[in-house]
Amino acid sequence: MVREAAAEDLDALLQLYLYLHEDSVPAHDDHLYETWDHMIQDQNYHVIVYESDGRIVSSCVCIIIPNLTHEVRPFALVEYVVTHEAYRGKGYASQCLHYAKEIAVRENCYKIMLMTGSKKPETLNFYRNAGYSSEDKTAFTQWL
């Protein structure tokens, strides 16, 4: 079942992020809880999860960004697409991305942007099959 994350999903989500690029779970301190509370209360921030057998096994984040161009239509940014390694290849991440697209359409976004650090052909094909193109834009990142 695909849905938006709830407050009680924090620990499960942090465990899932270990399959993304994290090497440890952050300290459970006030900063973590304040950040999580801000994320789940922000109307433009959507943490999408796929739950299988009561366990969160896949997720992505969809952020709606207000905009003054394209007839004052917002755009969406999708980040942190991840699936637990034991659940890959079952379409769960695709369902999360589809849910993100539904949010973007509902919010009248004119585009969805997604970047990946992966160079693996299977990962790039996964995003292409989900409707994303790497042909029309060039992405740059500056790490801070």
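The rules behind these values
Counting restarts for each chain: residues are numbered from 1 in the order of the written sequence. Reporting in this predicted model follows two pLDDT cut-offs: at least 70 for local features of residues, and 80 or more for side-chain atom pairs to be given and counted; totals over whole chains, interfaces and linings ignore these cut-offs and use all residues. Think of the side-chain values as coming from all heavy atoms in the structure, minus any hydrogens and water. The buried label applies to any residue whose accessible area, calculated with a 1.4 Å probe on protein chains only, is under 20% of its type's maximum; exposed applies above 50%, and partly exposed to all values in between. Comment: elements are numbered from the N terminus, with helices defined as DSSP H or I runs of at least four residues and strands as E runs of at least two. Any two strands with at least two DSSP bridges between them are considered paired. Think of a polar contact as two N or O atoms within 3.5 Å of one another; within protein, one of them needs to be a possible hydrogen donor and the other a possible acceptor, and neighboring residues in sequence only count if both atoms come from side chains. Whether two residues are in contact is decided by their heavy atoms, any of which lying within 4.5 Å being enough. When a carboxyl oxygen of Asp or Glu is within 4 Å of a side-chain nitrogen of Lys or Arg, the pair counts as a salt bridge.

Strand E3 (residues 55-65) sits mainly inside the fold: 9 of its 11 residues count as buried. When strand E2 (residues 45-52) meets E3, the two strands line up antiparallel, connected through 8 bridges. Each bridged residue has a counterpart across the sheet, and for Tyr 45 the counterpart in E3 is Ile 63. As consecutive antiparallel partners, E2 and E3 are separated by 2 residues, and within that stretch Asp 53 has a phi angle of approximately 50 degrees, a positive value. Both E3 and strand E4 (residues 75-83) contribute to a ladder of 7 bridges, which runs antiparallel. Looking across to E4, one finds that Ile 63 is bridged to Leu 77.

Among the secondary structure elements, Arg 3 is positioned in strand E1 (residues 2-4). Since its relative accessible area comes to 18%, Arg 3 is described here as buried. Within the structure, Arg 3 has its side chain in polar contact with the side chain of Glu 51 (distance 2.9 Å). Beyond its immediate chain neighbours, meaning those up to four positions away, Arg 3 contacts Asp 9, Val 47, Ile 48, Val 49, Glu 51, Ile 56 and Tyr 99.

So, about the pattern of salt bridges. What the rule picks out here adds up to 3 salt bridges. In this structure, the salt-bridge partner of Asp 9 is Arg 3, at a minimum N-O distance of 2.7 Å. When sorted by exposure, Asp 9 lands in the same class as Arg 3, which is buried. Salt bridges here are not isolated pairs; linked through shared partners, they connect Arg 3, Asp 9 and Glu 51.

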